[in-house]
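# Close look at the chain arrangement
Here are the chains, one letter per residue:
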Amino acid sequence: MKEKYDIIIVGAGPAGLSAAISIKKISDLNILVLEKQANIGERKGGETLKYDKFLEKNLFYPGFFKEITVNATKNYRFHSPSTKHFSEIESTEERLIINWHKLIDELGKNLNQNGTTVKCNKEVVELIFKDNVYSGVVVADGTNYKSDLIILADGCKNPIINKYGVNTPVDVCPVLTLKAHNINLDGNYIELFFSNGVDIPPAVVAMFPRSETSVSTDYVQFVGSFKKDYSSLDIKSWWKKIRIDNPVLSERFKNAELEYCFTTSLPFGGPVIENIIPKERIFLVGNNAGHNEATGGSGLITSMKMGYEIGLINAEIHSSGKIEGNFSPGSKNQLIKRIQRTPIFRHLKKLKTVAVNLRNAFFKVLDTPEKVDEKWDSFLAPTLKNAAEFF
Ligand SMILES: Cc1cc2nc3c(=O)[nH]c(=O)nc-3n(C[C@H](O)[C@H](O)[C@H](O)COP(=O)(O)OP(=O)(O)OC[C@H]3O[C@@H](n4cnc5c(N)ncnc54)[C@H](O)[C@@H]3O)c2cc1C
């Protein structure tokens with residue numbers, strides 16, 4: 001027997017969960033969220049974000065972000081590849097270092113309370129297309145679920161819509177993540193160390209202070225710096241190399257005890273795409289629509305905000321009782337324009353420019369390594385200052 005829902009959401013990440021919550025805010029529609037992992041939030045997807053009043057009010061409750069914050073700072077220090085130069089920047093807003101599991105648990109709790117059905121261990125492998133209409137999904141165990149509208153929030157690793165001839169942005173980059181104690185921090189700074197790009201690929205090590213003596217660290221390759229399969233590369237050796245070359249970083253980690261350390265090759269959504277309604281009755285949201293920029297962006301906030309918007313739009317379309325009419329060419333264009341006018345979409349467009357500028361400035365610094373300091377002062381330091389409001 002096929003189960004029938006009003007709206008199906010594929011993927012219980014920040015985008016999909018937020019969409020489900022906003023639908024329920026303005027309707028009593030029957031929603032199904034399908035997640036391929038055994039539990040929601042199993043794979044950690046970030047621990048830093050900026051306070052967002054709108055999301056706190058609409059998805060959580062006043063004071064929530066403070067509750068899940070383990071540390072906060074407005075101060076950044078960017079070290080040049082030679083570490084002879086650094087730029088200190090005070091951002092206009094605080095960057096919060098939060099507990100990912102608490103964030104996702106709260107979104108899940110909200111869905112439990114509003115009666116949304118969430119099914120885990122359900123990997124969507126196909127969309128049902130019948131009589132010229134996308135009308136449901138098939139999961140790996142063979143179950144079919146039918147629905148009037150489908151929101152795809154399945155991230156950027158392997159989006160299901162790619163199977164249907166729609167390209168979505170993805171940049172794969174190798175990441176080393178570690179958490180360490182007994183760190184010699186120099187104040188409450190988020191510190192970013194740039195690699196010289198000579199012996200190891202151009203990358204940035206970001207240290208997020210969690211307490212006075214502990215940090216979580218990401219080593220993130222600059223997306224787009226080189227395109228190849230990273231799975232066989234030894235990212236840990238790059239980490240050792242950058243530490244040896246970098247006296248400041250070495251000093252910080254002199255007595256460090258590692259709590260965990262792993263390397264992986266991760267897909268990041270690239271720049272935001274214009275058309276998030278690639279097929280009739282199907283919406284893309286979150287990383288699969290590029291609502292994230294790996295350099296300087298805040299994927300969590302932007303994915304949750306876009307999720308919220310797309311959820312509201314879906315609830316309105318469904319409740320209007322004129323689903324089909326919304327997807328005629330003229331109406332669909334209106335819908336897309338409406339999405340592009342939202343403050344969050346406009347913010348994402350600006351973010352793209354900032355990220356591209358930063359990346360270009362970074363590569364200008366690296367093109368003549370022997371003059372790195374001179375170039376740092378002329379290209380990268382001013383660009384970082386301009387981008388400060390986005391960090
Ligand atoms: C290591 C790392 C660190 C990051 N750090 C930060 C940070 O500090 N701050 C920040 O703001 N952002 C950060 N990001 C980015 C942030 O995690 C993403 O922008 C955000 O998670 C995107 O949300 P999403 O819901 O679109 O996608 P995802 O979080 O990828 O969620 C997609 C969900 O869909 C599920 N899924 C996929 N395919 C299927 C399928 N076929 N069927 C059913 N379910 C499926 C997945 O299991 C997953 O749960 C980081 C990302 C990574 C990987």
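Refer to the preceding data block for the structure.
Let us look at the structure shown here. (Residues numbered from 1 in each chain as written. Predicted model: local features only at pLDDT ≥ 70, side-chain atom pairs only at ≥ 80, totals over all residues.)

## Side note on the site of the ligand
Within the structure, the ligand sits among 33 residues, and Gly-11, Gly-13, Gly-46, Gly-286 and Gly-299 are positioned closest to it. Contributing elements (two or more residues each) for the shell around the ligand: helix H1 (14–26), strand E3 (48–50), strand E10 (171–181) and helix H7 (299–320). With 4 residues, the single largest contributor to the shell around the ligand is H7. For the shell around the ligand, a count of residues per class yields 13 nonpolar, 15 polar and 5 charged. In terms of domain composition, the shell around the ligand takes at least three residues from each of domain 1 (2–57 + 100–170 + 269–349) and domain 2 (64–99 + 172–268 + 364–390). (Near = placed C-beta within 6 Å. Helix = DSSP H or I, 4+ residues; strand = E, 2+ residues; numbered from the N terminus. Nonpolar A, V, L, I, M, F, W, Y, C, P; charged D, E, K, R; others polar. Domains from an automatic or database assignment.)

## As for the sheet that holds strand E11 (residues 190–194)
Overall, mixed pairing links the 8 strands, which are arranged E3-E5-E4-E11-E12-E13-E10-E14 in an open sheet. A single partner strand is all that each edge strand has here, and the edge strands are E3 and strand E14 (257–268). Between one strand and the next, the sheet's axes are offset by a mean angle of 30 degrees, whatever the strand orientation. Against the sheet, helix H10 (residues 372–387) contacts strand E4 (69–79) and strand E5 (86–98), and its axis sits at roughly 35 degrees relative to E5. (Pairing = 2+ DSSP bridges. Axes fitted to C-alpha atoms, helices over the stretch in contact; angles between N-to-C directions. Contact = placed C-beta atoms within 7 Å.)

## Observations regarding the environment of Asn-246
Locating Asn-246 in the fold gives a position in the loop between helix H5 (235–245) and helix H6 (247–252). Each C-alpha atom, one on Asn-246 and one on Ser-82, is 7.1 Å from the other, the two residues being 164 residues apart in sequence. Other than its neighbours up to four places away in sequence, Asn-246 contacts Thr-83 and Phe-193.

## Looking at unusual backbone geometry
A positive phi angle is found at Asn-132, which is not glycine, with a value near 65 degrees. When the 7 C-beta atoms within 10 Å are taken as the criterion, Asn-132 is described as exposed. One non-glycine residue with positive phi stands out, namely Arg-281, at about 70 degrees. Within the fold, Arg-281 resides in the loop between E14 and strand E15 (282–284). (Buried ≥ 20, exposed ≤ 12 C-beta atoms within 10 Å, placed from the backbone.)

## Concerning the pairing of strand E2 (residues 31–34)
Because side chains alternate across E2, one face comprises the buried residues Ile-31 and Val-33, and the other comprises Leu-32 and Leu-34, equally buried. In this sheet, E2 lies alongside strand E1 (residues 3–10) in parallel orientation, the contact comprising 4 bridges. The residue of E2 that forms the bridge with Ile-7 is Ile-31. The β-α-β motif built from E1, the intervening H1 and the parallel element E2 has right-handed crossover chirality. Looking at chain direction, E2 and strand E6 (residues 117–119) are connected through 3 bridges and run parallel. Within E6, the residue paired with Val-33 across the bridge is Val-118. (Right-handed = clockwise from strand over helix to strand, strands pointing away.)

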